[in-house]
Each structure stands twice: as structure tokens, then as C-alpha cells.
Amino acid sequence: MGTIAAVLGDITRQQVDIIVTAANESLLGGGGVDGAIHRAAGPELAEAGARLAPCLPGRAVATPAFDLAPVRHVIHTVGPVWEDGEQGEDDVLVSCYVESLLLAEELEAGSIAFPAIATGIYGFPAERAAHIAAMTVRSLPIIDEIRLVAFDEQTHALLRDALAEPVEEWCPTCGEKAIPLLFGRPVEEARQAADAGSVALGGCLLPEDGTEPRWQCPRQHRWGESRRDQRRSQVALHDAIAVTLGEDHGRSVP
Ligand code: APR
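Right, let's walk through the structure included here. (Residues numbered from 1 in each chain as written. Predicted model: local features only at pLDDT ≥ 70, side-chain atom pairs only at ≥ 80, totals over all residues. Heavy atoms only, no water.)

Digging into the site of the ligand
- The immediate surroundings of the ligand are formed by 19 residues, with Asn24, Gly31, Val33, Gly120 and Ile121 found nearest.
- At 2.6 Å from an oxygen atom of the ligand is found a main-chain nitrogen or oxygen belonging to glycine 31.
- The backbone of glycine 120 places a nitrogen or oxygen atom 2.8 Å from an oxygen atom of the ligand.
- Looking at the shell around the ligand, the elements with two or more residues in it are strand E2 (18-23) and helix H1 (32-41).
- Of all the elements, H1 adds the most residues to the shell around the ligand, at 4 residues.
- Residues belonging to the shell around the ligand are distributed by class as follows: 10 nonpolar, 7 polar and 2 charged. (Near = heavy atom within 4 Å. Polar contact = N/O pair within 3.5 Å; in protein donor to acceptor, adjacent residues only side chain to side chain. Helix = DSSP H or I, 4+ residues; strand = E, 2+ residues; numbered from the N terminus. Nonpolar A, V, L, I, M, F, W, Y, C, P; charged D, E, K, R; others polar.)

If you want it as C-alpha cells, here you go:
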């Protein structure tokens with residue numbers, strides 16, 4: 001399992017394969033972290049971005065990193081403009097991290113650095129965004145080294161605390177503490193975690209009612225079909241596997 005870390009610093013100085021920028025739909029650059037990355041990468045970044053624009057909120061596209069070498073690629077993702085939290089802003093922000101991670105995996109990146117997407121000019125509340133960033137990358141640790149880069153102490157503390165937060169779930173029926181429930185053929189590590197009693201295996205067939213519960217309690221109650229449950233149970237699954245394998249959850253926190 002790789003590492004996920006909250007880092008305090010300038011994202012343009014991160015020695016990683018991919019740097020993610022918090023862009024706007026034009027991909028021509030702007031202020032904030034996007035401006036810093038475009039300044040460091042040089043004018044070719046905007047030219048390459050213009051050829052891929054527009055990029056819709058929640059989507060991600062990749063260009064070369066030009067003068068940012070040895071960084072190989074810049075992934076441009078467009079965060080949600082915060083309104084009131086009722087306009088789907090959370091889902092768009094989750095999508096920024098998921099789409100960027102999936103694209104980085106396609107590019108065979110070994111390391112990636114994210115800024116605190118949408119928390120500047122776009123006004124997304126910093127604590128809510130930090131929790132979404134941490135839970136989303138913890139639920140999808142498909143790149144060996146993931147850095148969440150903060151430009152200020154407050155954001156760094158929020159990201160650090162969100163990464164360290166355990167995911168706990170209790171049964172809505174009997175109140176017992178739950179474990180993540182996994183359907184399908186489990187990987188060996190998940191099987192080991194199941195043998196240790198920290199993961200439940202649901203077998204290869206989903207329930208006939210079409211649901212896919214993500215939690216199970218010691219009394220075999222099952223629940224949780226929402227996307228949020230899916231993300232949280234994935235984090236709990238990865239944490240349970242890390243504990244079983246004796247790893248530090250992969251979340252080194254410098
Ligand atoms: N390194 C790391 N983080 C940085 C840096 C930097 N050099 N510069 C700024 N940040 C941080 C900000 O402090 C903030 O926490 O990046 C976070 C995101 O802020 P913004 O850059 O304002 O991005 P966002 O809120 O997503 O707004 C995007 O702003 O720059 C324009 O073109 C961009 O229109 C788009 C909008």
C-alpha cells in the first residue's frame with residue numbers, strides 16, 4: 001500500500017510525477033494555484049490546455065508539464081464554485097479527485113500532488129473540502145504516493161486531521177459496531193482481513209433485491225447503499241487491510 005500525506009508548501013516545488021491544478025473551464029490559467037503552476041510550467045501549458053478546453057467541473061484532463069520537469073504531467077481539474085452546499089458541490093469535488101486519480105493511473109504515475117481544490121477563489125469551505133479530499137483519496141489509493149499540498153498552516157492541519165480520522169460505523173438496528181462488507185472475489189489481503197474478523201465477505205452474488213450493502217454488524221445486519229457509504233466503507237476496508245498487514249494505514253503524516 002502506498003502513502004498518503006498532507007504536505008505544507010508550494011505545489012510547484014513538489015518532486016512528483018504529476019501535479020494537479022485547480023483550473024477553470026478554459027484551461028488558460030488564472031490566479032491562485034493555477035496561476036502559480038502556469039507561471040512555473042511556462043506559456044506552453046496554456047497552449048496545451050486551450051487544445052483540450054473546455055473542461056467541465058468535476059472532469060480532469062492531462063497535459064505535459066513543460067518547464068515543471070521533472071514533473072511529467074499537469075492534470076487540470078475544475079472544482080465546484082461553492083454556492084450553498086445544496087447544488088451538488090460535494091459530488092463535483094469528489095469527482096475532481098477520482099477523475100484525477102484514474103487519469104494518473106492511466107498515465108502510470110508513481111506519485112501525484114493535489115492542491116486544496118476549490119477552497120480559494122471558488123469559496124468551498126476548507127474543513128468540508130479537506131474531509132472530502134482525504135476520504136476520497138483514502139478510498140482510492142491507486143497511486144503509490146499521494147500528496148495533499150496545503151499552502152497555509154490551517155489547511156495543512158485540516159488535511160492532516162482528516163487523513164488521520166478513523167472511519168467508524170454503527171448498526172442502525174442494534175447499535176453494534178460495524179465492519180466493511182465486500183462482495184465479489186476478495187484480493188488476498190482482504191481475505192486475510194476477513195480471517196482477522198475486520199472485514200465481512202458477502203460472497204460473489206449481490207442480494208436479490210438489487211442493493212449492495214457496504215456495512216455488516218456482528219448480528220449480520222447489513223446496510224449502506226449510498227455513494228457516501230461506498231466511499232466510507234472503502235476507506236474502512238483499506239484501513240482494515242493495512243492493520244492486518246501491520247502497515248501504518250499508508251498515511252504517513254510528516
Ligand atoms: N501551492 C499550493 N497551493 C496553493 C498555491 C501553491 N503555489 N497557491 C495557492 N494555493 C492554494 C490556495 O491557498 C487554496 O487553498 O490552492 C487552493 C485553491 O485555491 P485557488 O487556486 O483559488 O483554486 P480554486 O478555489 O479551485 O479556484 C479556481 O481560481 O486560479 C483560478 O483559474 C482558476 O478560475 C479558477 C479558480
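Overview of the pattern of salt bridges
- Counted under the stated rule, the structure contains 11 salt bridges.
- Between arginine 232 and glutamate 169 there is a salt bridge, with its nearest N and O atoms 2.6 Å apart. Residue arginine 232 is found in helix H7 (residues 227-244), and its partner glutamate 169 is found in the loop between helix H5 (153-164) and strand E7 (179-183); the two are separated by 63 residues along the sequence.
- Note that glutamate 212 and arginine 214 form a salt bridge whose closest N and O atoms lie 3.3 Å from each other.
- The class for glutamate 212 is partly exposed, based on a relative accessible area of 27%. (Salt bridge = Lys/Arg side-chain N within 4 Å of Asp/Glu carboxyl O. Buried < 20%, exposed > 50% of the residue type's maximum accessible area, 1.4 Å probe, protein only.)

Things to note about unusual backbone geometry
- Residue proline 54 is bonded to the preceding alanine 53 through a cis peptide linkage, with omega at 0°.
- By the secondary structure assignment, proline 54 is in the loop between helix H2 (44-50) and strand E3 (60-64).
- With omega at 15°, the peptide bond leading from alanine 69 into proline 70 counts as cis.
- At alanine 118, a residue that is not glycine, the phi angle is positive and equals roughly 75°.
- Relative to the helices and strands, alanine 118 resides in the loop between strand E5 (111-114) and helix H4 (126-139).
- The phi dihedral of glutamine 220 falls on the positive side, at around 70°, and the residue is not glycine.
- For glutamine 220, the position within the fold is in the loop between strand E9 (215-216) and strand E10 (222-223).

This is a description of form; function is not addressed.
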